[in-house]
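Fold and geometry: a report
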Amino acid sequence: MLRFDAVHRAVEGLMEGALIGAPWDEPLLELALAVEAAGATLVRTQPGSRDIVLPTRSIAAPVAEYNAGLHPPDPRSRRVVMTLDEGFKTDFDHFATEEIERDPFYAEFLRPHGLRWHACALIAGTPGDGVFLSLKRSPLRDPYQAEEIAALDHVLPRLRAAALIAPAMVETRAEDQAQIFQRRGEGVFHLDRQGRVLRMNAVAEGMLGHSVRLAGGRLTACFADEQPGVSRIVTAATTLGQPGLVRLTSPDSASRPLLLATPNIGAGRDVFAATAALAVLVDARRHPVMAPPLPRPVRDAFGLTPTESSVAALLAAGLSPGAIAAHLGIGRGTVRNHLKSVLHKTDTTRQAELVALLSRLQ
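From a predicted model like this one, the values you see are computed outputs, not experimental measurements.

Description of the overall build of the protein
Per the secondary structure count, the protein includes 15 helices and 12 strands. Looking at the protein as a whole, 47% of its 362 residues are labelled buried. Counting contacts in the protein only where the partners sit at least 6 residues apart, residues at least 24 apart contribute 59% of the total. Counting only carbon and sulfur atoms, one obtains 56% of the accessible surface of the protein, whose full area is about 16900 Å².

In structure tokens, the structure reads:
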């Protein structure tokens, strides 16, 4: 039995999440449970790209198998077409009972995973470039009834409003982050989940052709041997949500810019085709305002050993070589040797220059 009060609370939770840019997972699961579904998915369709699926944790395992192609052909992908003029549709709007019973996708994939019946609606965009909400019910439950679909259709305008708000809020978070770098005069590129450049600021546009360029709408290194590093950090930031850093070469021998890729937080960024990550060109020659601890992406970019990383971090935090030796319990000569190695690996010549570089990369 569909619980109308729980449905409305879940929809309001989704609306609140859209307004503040919060994750959709919990209210999406609440909505699924309120309609006696095992779980739900938000599915993004895009021309020429694979679908992006955000599942509730309750059905994450079968969705992962589906995404990996470990299933018979899905008949819905060939026959189901929905528009914003329509409400929620069930399996029986597209298939006869006999087709559902004998189809391998329903019988050999969905049923063993405890899934069977669907209620699905387009909540944003178009069938070929939009976002679908699918509520998936167990075979132990009855298929969705007319009165349940009517109740879902009643809250559908609110769901669609949330789907319109969500990408704007995701972009607001990305823009807030970008402003921090822009105030420092850095070149900032907004990237989508496929690593394509959505937009860039004026500084970034002016830096194109020096250490990076655009090729096929994607950010690439001007020097071929540096491209693997650029691809690695962009992929990590856009698909894994992990920051990364790589050093680049510039025709200006006095400048060795670094490319920082930092993810935009929130699962909704992918489903709503918003900014997935920022790529920032950092001019390491500028002097810092403060000297924070050394981040892991920085030490990975320069290939520092754990001890070299500790020495560099303490130096950047303001400790003298003598204080560093006391803090780490090693000799001053050992600290000096580590500092020489760090200076060599970071292409700096003085401790002050090293501190400026590391602090700038916080």
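From this point on, the discussion continues.
Remarks on the pairing of strand E1 (residues 39-46)
Most of E1 sits inside the fold, with eight of its eight residues counted as buried. A two-sided burial pattern is seen for E1, the buried positions comprising Gly39, Thr41, Val43 and Thr45 on one face and Ala40, Leu42, Arg44 and Gln46 on the other. Relative to strand E5 (residues 129-137), E1 is paired through seven bridges, and the arrangement is antiparallel. Note on E5: the bridge partner recorded for valine 43 is phenylalanine 132. Sheet analysis places E1 next to strand E2 (residues 49-55), joined by five bridges and oriented antiparallel. The residue of E2 that forms the bridge with arginine 44 is isoleucine 52.

Some details on helix H12 (residues 306-316)
In terms of burial, H12 is a largely internal element, eight of the 11 residues being buried. For H12, the complete set of buried residues consists of Glu308, Ser309, Val311, Ala312, Ala313, Leu314, Leu315 and Ala316.

Examining the pattern of salt bridges
Scanning the model with the defined rule gives 14 salt bridges in all. For glutamate 12, the salt bridge identified is with arginine 158, shortest N-O distance 2.8 Å. Of this pair, glutamate 12 sits in helix H1 (residues 4-20) while arginine 158 sits in helix H7 (residues 146-183); the two residues are 146 residues apart in sequence, bridging distant segments of the chain. A residue is classified by how much of its surface remains accessible, and glutamate 12, at 37% relative accessible area, is partly exposed. The salt bridge involving glutamate 36 is made with arginine 141; its shortest N-O contact spans 3.8 Å. Of this pair, glutamate 36 sits in the loop between helix H2 (25-34) and E1 while arginine 141 sits in the loop between E5 and H7; the two residues are 105 residues apart in sequence, bridging distant segments of the chain. We classify glutamate 36 as partly exposed; its relative accessible area is 23%. Its relative accessible area of 43% is what places arginine 141 among the partly exposed residues. Each of Glu171, Glu175 and Arg199 takes part in one network of salt bridges that share partners.

Quick word on H2
For H2, the complete set of buried residues consists of Pro27, Leu28, Leu29, Leu31, Ala32 and Ala34. The inward-facing, buried residues of H2 contact H1, E1, E2, E5 and H7. Downstream of H2 by one or two residues, glutamate 36 has phi in the positive range, about 60°.

Regarding the side chain of threonine 238
Inspection of the secondary structure assignment puts threonine 238 in helix H9 (residues 227-239). For threonine 238, the side chain forms a polar contact with the main-chain oxygen of valine 234, separated by 2.8 Å.

Regarding the sheet that holds strand E6 (residues 187-191)
The pairing of strands in a sheet comes from backbone hydrogen bonds and takes either a parallel or an antiparallel form. On the basis of which strands lie adjacent, the open sheet formed by five strands has the order E7-E6-E12-E11-E10 and antiparallel pairing. If you trace the sheet from one side to the other, it starts and ends with strand E7 (197-200) and strand E10 (244-247), each paired once. Neighbour to neighbour, the strand axes of the sheet diverge by 20° on average, direction disregarded. Strand direction decides the pairing type here: E6 and E7, joined by three bridges, are antiparallel. From the neighbouring strand, histidine 190 faces E7, where its bridge partner is arginine 199.

Comments concerning the nonpolar core
Where a protein is soluble and globular, its nonpolar side chains tend to be buried together. Trp24, Leu31, Leu42, Phe88, Leu133, Leu135 and Leu159 are the most contacted members of the largest nonpolar core, which totals 46 residues. Those elements that provide at least two residues to this core are H1, H2, E1, helix H6 (104-110), strand E4 (117-126), E5 and H7. Among the elements that line this core, the one with the most residues is H7, at eight residues. Counting residues in hydrophobic clusters, the runner-up holds 27 residues, among them Val280, Leu315, Leu354 and Leu361.

Some points on the environment of leucine 135
If you trace the backbone, leucine 135 turns up in strand E5. Residue classification places leucine 135 among the buried residues on the basis of a relative accessible area of 0%. The spacing of leucine 135 and leucine 31 is 104 residues in sequence and 8.5 Å in space, taken between C-alpha atoms. When neighbours within four sequence positions are excluded, leucine 135 is seen to be in contact with Leu31, Ala32, Val35, Ala37, Gly39, Ala40, Phe88, Trp117, His118, Ala119, Tyr144 and Leu152.

Thoughts on the confidence of the model for the protein
Here the protein averages 84 in pLDDT, and 90% of its residues register 70 or above. No element of the protein has a lower mean pLDDT than helix H10 (residues 268-271), which averages 66, and none a higher one than strand E3 (residues 89-90), which averages 95. pLDDT under 50 marks residues 287-292. Its contacts with residues more than four places away, or in other chains, come to 12 contacts.

Re the side chain of arginine 247
Along the chain, arginine 247 falls in strand E10. Buried charge arginine 247 goes without a salt bridge, the closest partner of opposite sign being aspartate 347 at 4.1 Å. One polar contact links the side chain of arginine 247 to the main-chain carbonyl oxygen of threonine 346, over a distance of 2.8 Å.

Calculation criteria
Residues numbered from 1 in each chain as written. Predicted model: local features only at pLDDT ≥ 70, side-chain atom pairs only at ≥ 80, totals over all residues. Heavy atoms only, no water. Helix = DSSP H or I, 4+ residues; strand = E, 2+ residues; numbered from the N terminus. Buried < 20%, exposed > 50% of the residue type's maximum accessible area, 1.4 Å probe, protein only. Contact = heavy atoms within 4.5 Å. Areas by Shrake-Rupley, 256 points an atom, 1.4 Å probe, with all protein chains shown as cover. Pairing = 2+ DSSP bridges. Salt bridge = Lys/Arg side-chain N within 4 Å of Asp/Glu carboxyl O. Polar contact = N/O pair within 3.5 Å; in protein donor to acceptor, adjacent residues only side chain to side chain. Axes fitted to C-alpha atoms, helices over the stretch in contact; angles between N-to-C directions. Core = buried A, V, L, I, M, F, W, Y, C linked by side-chain atoms within 4.5 Å. pLDDT = per-residue confidence, 0-100. Lys, Arg positive; Asp, Glu negative; His and termini not counted.

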